[in-house]
Amino acid sequence: MCGIFAFLNYNVARERRYILEVLFNGLRRLEYRGYDSSGIAIDADLRSPVAIDKREGNDGGEEASRLPYNSAPPLVFRQEGKIESLVRSVYSEVDAMDLNLEKSFSVHAGIAHTRWATHGVPSPRNSHPQSSGACNEFLVVHNGIITNYEVLKETLIRHGFTFESETDTEVIPKLAKFVFDKARDEEGEQTVTFSQVVTEVMRQLEGAYALIFKSAHYPNELIACKRGSTLILGVKELSDDKNSGKLFHDVKALTKDEKPKELFFSSDLCAIVEHTKNYLAIEDNEVVHIKDGCVSILKFDYGREKPASVQRALSVLEMEVEQIKKGNYDHFMQKEIHEQPHSLTTTMRGRLKDNSVVLGGLKDHLKTIRHSRRIIFIGCGTSYNAALAARPFLEELSGIPVTMELASDLLDRQGPIYREDTAVFVSQSGETADTLLALEYALGNGALCVGVTNTVGSTLARRTHCGVHINAGCEIGVASTKAYTSQIVVMAMMALAIGADKISTQARREAIINGLSDLPKKVAEVLKLDGEMRDLAKSLIDTQSLLVFGRGYNYATALEGALKVKEVALMHSEGMLAGEMKHGPLALVDETLPIIVIATHDACFSKQQSVIQQLHARKGRLIVMCSEGDATSVCPMGSCRVIEVPQVADCLQPVINIIPMQLLAYHLTVLRGYDVDQPRNLAKSVTTE
């Protein structure tokens, strides 16, 4: 998964330095999506092709001569490493080139990319923007995977193209140049438009992608298109009109508007919120063309020669700039852990009324869900764990069998899904590739599909029949924290809504609703364990492995806690079902291996006491998480380390119990000297299979 960003200013003067900083800041906001290499492309000074050609290591030749008279090859900068490596490299190259950073542009189009490597090692040549050739006639930044790139590459090689990178992306700009040259040679200079080139390229591509094109043949224009990967258009009007913020109700107003403005493309809303709150979530197969300050949208269709023009409404972003800043915290993960009292309050706001739950996104489908033959939770990673935590409560209140599916495994098996099933898809980003492929599979089998996501306008939100937004706020740290707890709460509320027609569970439902109302306060209490968890992390800093045992509601807590340690602290850790301890894991127990046992007070408490006794008998290095006041019963005579947490309703206890594990993972990572927010080899949203 990668992050792509573009900035176009129209009828407003912007210095080259300002343009660079907008692009760099856009990449910084998207760096959580990939951070092994990055790159940008900006305009060169007009009528200076010689200097550019020297920098590119060629004499320009026929390609340079075929560029428009008022255009020079764009400048492309690419660098391995994180964004700051790119920033240093760009300013160093700019100094060497003696490029004027104070030069002003009334119109300028720049593109940028931050990469999470899938095809080819992190290196400048594999970084984006990828180019059509020596003079950068066509440049592309890409998020996704082109599945038929090998076939396209072979075809282009036969037509004389040479490839420099190992990426799948490089076929795209070269294919654009092939289409452009063919059309120009056949029909003349002025007959092919930028959008025609891009739509013909789309016709040849297979896979999932979001693309932004820049071309020296079409100066001051940008085109974006997508299929399966998120892409956002942001619009900022710069008129002196005091009511200017209200002028853009839909894109139709932009098709003939020449007022000063700034326009943005981005993989995520968090990269545009500091510029504007007017945005459009681009839909699959849409081609968005910015030219002369105007925006036009075409709908690509394989069955039609020409795409149809469409009109779309702009939305207003409900996000504040403060949400994408660290504030007084050292890291985003730390901030997001401590934000959970607030994020849970936001998740529940307006949804708990008069001892009942109101979920507007589900109300029209509750009857269908109640008559399902089964409910299937489908997700990956942390989202799967959140669904696993909610499963027992949903089964209890609905009386419907609930099964769990890892999205990738479901696809590999082509597991049976029926029209009478309800499939619930859980994804923080709403763009997880395996989850979306499983969604298409379930839709094809006729199941009712429900989405649980944190991202308004995401593919998951648009493609499911109904769903619930978790409203946890922007989560930037790669390791999910507040989204996990909000997912559990949302799925608990779903269980309450689905089971609301049963009189036999009324008292239980009312008790849980009261517990939900108090949950943010309980979370604030458990966050006071921060110092205690830091001390525990100090004692574990040199250990190589960690086991976490849970059962019942807290089997999911064991899995998620171990996953957090694995993700960011880079320590081997395993979450295990305590009931399976004797079937193999017990052989690992000795006095050096730290073992966390989750034994808060619920229906499995006595069984967990037995597990603790057996581990203690084998001289296990025990750390026990228990409810406040239970320390002596789980750990007689102080024979192990105890973490006491507030007691809440059993189905909500996983929300409380995961927080000490999040804090432990955070402090272990900091103490071991690793990057908390951008752990090795990982990215926030996995948009490739």
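Treat the numbers as computed from the prediction; the structure is a model and nothing was measured.

Brief notes about helix 5 (residues 149-158)
The α-helix winds at 3.6 residues per turn, so residues separated by three or four positions along the chain end up facing the same way.
In step 1: Taken as a whole, helix 5 has its buried residues at Tyr-149, Leu-152 and Leu-156. When helix 5 is viewed along its axis, its buried side chains cluster within an angular range of 65° and face the same direction. In helix 5, those exposed residues whose orientation departs by more than 90 degrees from the buried face are Glu-150, Val-151 and Arg-158.
In step 2: Phi turns positive one or two residues past the end of helix 5, at Gly-160, with a value near 95°.

Notes on the packing of helix 11 (residues 381-398) against helix 15 (residues 482-498)
In step 1: Helix 15 packs onto helix 11 with a crossing angle of 20° between their chain directions and a minimal axis gap of 9 Å. Taken together, the axes of helix 11 and helix 15 are roughly parallel relative to one another. The handedness of the crossing between helix 11 and helix 15 comes out as right-handed. Across the interface between the two elements, Thr-382, Ser-383, Asn-385, Ala-386, Ala-387, Ala-389, Ala-390, Phe-393, Leu-394, Leu-397 and Ser-398 from helix 11 touch Tyr-484, Gln-487, Ile-488, Met-491, Ala-492, Ala-495, Leu-496 and Ile-498 from helix 15.

A closer look at the nonpolar core
Nonpolar side chains tend toward joint burial in soluble globular proteins.
In step 1: In terms of nonpolar packing, the biggest core is built from 89 residues, with Leu-362, Phe-377, Phe-393, Met-494, Leu-519 and Leu-664 touching the most fellow members.
In step 2: Top contributing element to this core by residue count: helix 15, with 13 residues.
In step 3: Residues from two domains meet in this core; each of domain 2 (326-526) and domain 3 (528-679) gives at least three.
In step 4: In contact with Leu-362, not counting residues within four places along its chain, are Ile-369, Val-450, Cys-466, Gly-467, Val-468 and Met-494.
In step 5: With 43 residues, the next largest nonpolar core counts Phe-7, Ile-83, Ile-232 and Leu-317 among its residues.

Describing the state of the cysteines
In step 1: In the structure shown here, the tally under the stated rule is one disulfide.
In step 2: With its sulfur 2.3 Å from that of its partner, Cys-635 forms a disulfide with Cys-640. An identical accessibility class is assigned to Cys-635 and Cys-640; each is buried.
In step 3: There is no disulfide at Cys-2, and the cysteine sulfur nearest it, in Cys-270, is 15 Å away.
In step 4: Cysteine Cys-270 remains unbridged, with the sulfur of Cys-474 as its closest cysteine sulfur at 4.6 Å.

Notes on the domain arrangement of the chain
In step 1: Taken domain by domain, the chain comprises domain 1 (3-45 + 68-142 + 209-322), domain 2 (326-526) and domain 3 (528-679).
In step 2: Relative to domain 2, the C-alpha centre of domain 1 lies at a distance of 34 Å.
In step 3: On the domain 2 side, the residues contacting the 14 residues of domain 1 number ten residues.
In step 4: When domain 1 packs against domain 2, the two sides together hide about 830 Å² of surface, and 53% of this comes from carbon and sulfur.
In step 5: Counting across the domain 1 and domain 2 interface gives zero salt bridges.
In step 6: Seen at the junction of domain 1 and domain 2, the total is one residue pair in polar contact (both at pLDDT 80 or more).
In step 7: The residue makeup of the side of domain 1 that touches domain 2, split by class, is seven nonpolar, three polar and four charged.

What counts as what
Residues numbered from 1 in each chain as written. Predicted model: local features only at pLDDT ≥ 70, side-chain atom pairs only at ≥ 80, totals over all residues. Heavy atoms only, no water. Buried < 20%, exposed > 50% of the residue type's maximum accessible area, 1.4 Å probe, protein only. Helix = DSSP H or I, 4+ residues; strand = E, 2+ residues; numbered from the N terminus. Arc of directions from axis to C-beta. Axes fitted to C-alpha atoms, helices over the stretch in contact; angles between N-to-C directions. Parallel < 35°, antiparallel > 145°, perpendicular 65-115°, else oblique. Left-handed = near helix turned anticlockwise from the far one by under 90°. Contact = heavy atoms within 4.5 Å. Core = buried A, V, L, I, M, F, W, Y, C linked by side-chain atoms within 4.5 Å. Domains from an automatic or database assignment. Disulfide = S-S within 2.5 Å. Buried area = accessible area lost by both parts, 1.4 Å probe. Salt bridge = Lys/Arg side-chain N within 4 Å of Asp/Glu carboxyl O. Polar contact = N/O pair within 3.5 Å; in protein donor to acceptor, adjacent residues only side chain to side chain. Nonpolar A, V, L, I, M, F, W, Y, C, P; charged D, E, K, R; others polar.

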